[in-house]
Amino acid sequence: MSKPIFELVDSLPTGGITVMALKSLDFTLPGKWQNLVGFDNTIRAVTGETDDDLTKQIGDRAVALFNDKSQGYQRALWLYQTVSSASGALGTAALANKIGQDISFLGILKNLTPKPEKAQSIDLCVKLVAEIVAFCQINGIPGDSVGDFLAALKDYGGESLVRMAALVCFDGLIPLGPDFARKGLDSLKTTSASDLEKNQTFKGIQELIPGDSPQGKLGFITESFESTRGWMDGFVSANSLTPEKVVDNLGKFVDISKDKLDYLGAFLDMYVKYYEHTGIQTLARRLIERAVAEI
Amino acid sequence: MMTTRWRRVFASVLLSLVLLVTACSAPPASRYDQTQKETTARGAAPAVAKAAEQGSSFNKFFPKGQKGFEVVPAQEKKGFAEYKVNQDGKNVAMLAISDTTGTAAASKFQASTFTLGGYPAVEQGQTATAVLVGDRYQVKVLSRATSFTKENRAAWLEKFDLKGLERLK
């Protein structure tokens, strides 16, 4: 049983490295990213209602929905959390929990190892698939409907859009360069099912990925990435995104060293838990939207 | 070597520390604690009744996009379906149908003072208007922008195929 949903949302940080990294992506979004934290805060922001009794009623229903495992919300949360932590498991950094402490990039540099490009590519693809599966769990579209996800992607806003922006910028552009989409796809085409099974991020979530075998799952991942590539390329060109631009903006918010770019990908993996942070926000929002409609 | 008195002082200091540490690490009390307890207890009733209609059955009763307004699917779960109403790319309202079976949602309609489309209607909070169809299905329109008024909500409620929904078994 996970932590209660209201506790998760109440514990979301208002500052720190994840929040700063996400704020640095504001320039890619229409309007600024609002870091909405706090369960009652989210109820008021999503519904526009402020009456205490009514917001309590809404919150109660949202809590009940989340706690009913059959509704799939806990599975979605698990996906967001697992992807966040699996990608951070670089293996070589034995570091204590640094949340709240000053994480200076140069300070921990010696403990990081840049991930090989292939592993970064697979990570990117698996994270994208996690997004699709979580989307389906939360919104109820049938599990392998990539087409429905793509249609909804056009309507993505707020924390969901910033999560996709972070995926493109932090997991695509920075570690893999401007050619990340092609590299991602090429990597998949030369990846065997057994290669895939060795990937930390994939291992973490494989039971939820559609496909009867690792081969089947690889097929689903490839198809998803191919289909979403158009959106990602469009996102990059609409914002004239380059790795340099992303790093420049990141540097305004997070203390990084621009001549250690190959370590930056590993650093971001380790400390920027954007999937979990914005995933919890998306989950809370959907739950509350449903709760207020059902009461 | 400690005297008995010092041992007692030490023990009470230690106990206070233990209590302090435990209190600091426990999450703060929340007004949702009771609901959390009730809905995670062994044998707790599911949030959605087994007999609830699948959300996919509701899709055909939603209004289509109108001039200037786009209607986009948002959620489809057991007992629930929801669409967004967007105007110029901005979300202005939500449309929802839910099955009230097994929930207390239908009871508020007993105090209904007006009808829409021939069905008992209520205003809820500042932003929602709902009707109850066939004593079972709640159809609700929620404003997500101040430009989407109470009158707009009433008008959109009547755009649903409410009669069709009433015939759903």
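J.: Would you mind showing me how to read the interface of chain B and chain A here?
T.: Interfaces are often sized by the accessible area lost when the parts come together. Between chain B and chain A, the contact holds 30 residues from the first and 30 residues from the second. Breaking the side of chain B that touches chain A down by element, the ones donating at least two residues are α2 (33-40), β1 (69-77), β2 (80-87), β3 (90-99) and β7 (137-143) of chain B. The greatest single-element share of the side of chain B that touches chain A, amounting to 5 residues, is contributed by β1(B). Residue composition of the side of chain B that touches chain A, by class: 12 nonpolar, 13 polar and 5 charged.

J.: Before we go on, may I ask you to explain the domain arrangement of chain B in this structure?
T.: Under the domain assignment, chain B is made up of domain 1 (4-40) and domain 2 (55-166). Averaged C-alpha coordinates put domain 1 of chain B and domain 2 of chain B at centres separated by 46 Å.

J.: I keep staring at the pairing of strand β6 (residues 128-133) of chain B and nothing clicks. Help me out?
T.: Regular strands place side chains that alternate from one sheet face to the opposite one. Residue and element names in this part refer to chain B. Burial analysis of β6 places 6 of its 6 residues in the buried class, which makes it a mostly covered element. Both faces of β6 are covered, namely the face carrying A128, A130 and L132 and the face carrying T129, V131 and V133. From the end of strand β5 (residues 119-124) to the start of β6, which pair antiparallel, there are 3 residues, and G125 there has a positive phi angle of about 60 degrees. Here β6 runs beside β7; their pairing, made up of 6 bridges, is antiparallel. Of the residues in β7, the one forming a bridge with L132 is Q138. In textbook terms, the turn of a hairpin is the stretch between consecutive antiparallel strands, and for β6 and β7 this stretch comprises 3 residues, one of which, G134, has a positive phi near 60 degrees.

J.: For this particular structure, what's the right way to read the confidence of the model for chain B?
T.: Low-pLDDT portions of the prediction should not be read for the details of their coordinates. Per-residue confidence for chain B gives a mean pLDDT of 91; residues scoring 70 or more make up 93%. For this predicted complex, the interface score ipTM comes out at 0.87, alongside a pTM of 0.87.

J.: Got a minute to help me understand helix α7 (residues 117-139) of chain A in this structure?
T.: The α-helix advances 3.6 residues per turn, and as a result positions three or four apart in sequence lie on the same side. Residue and element names in this part refer to chain A. When the terminal C-alpha atoms of α7 are compared, their 33 Å separation across 23 residues agrees well with the 33 Å that a helix rising 1.5 Å per residue should span. Burial analysis of α7 places 20 of its 23 residues in the buried class, which makes it a mostly covered element. Among the residues trailing α7, G140 stands out with phi positive, at a value near 90 degrees.

Scoring rules and cut-offs
Residues numbered from 1 in each chain as written. Chains lettered and ligands numbered in written order. Predicted model: local features only at pLDDT ≥ 70, side-chain atom pairs only at ≥ 80, totals over all residues. Contact = placed C-beta atoms within 7 Å. Helix = DSSP H or I, 4+ residues; strand = E, 2+ residues; numbered from the N terminus. Nonpolar A, V, L, I, M, F, W, Y, C, P; charged D, E, K, R; others polar. Domains from an automatic or database assignment. Buried ≥ 20, exposed ≤ 12 C-beta atoms within 10 Å, placed from the backbone. Pairing = 2+ DSSP bridges. pLDDT = per-residue confidence, 0-100. Expected span 1.5 Å × (residues − 1).

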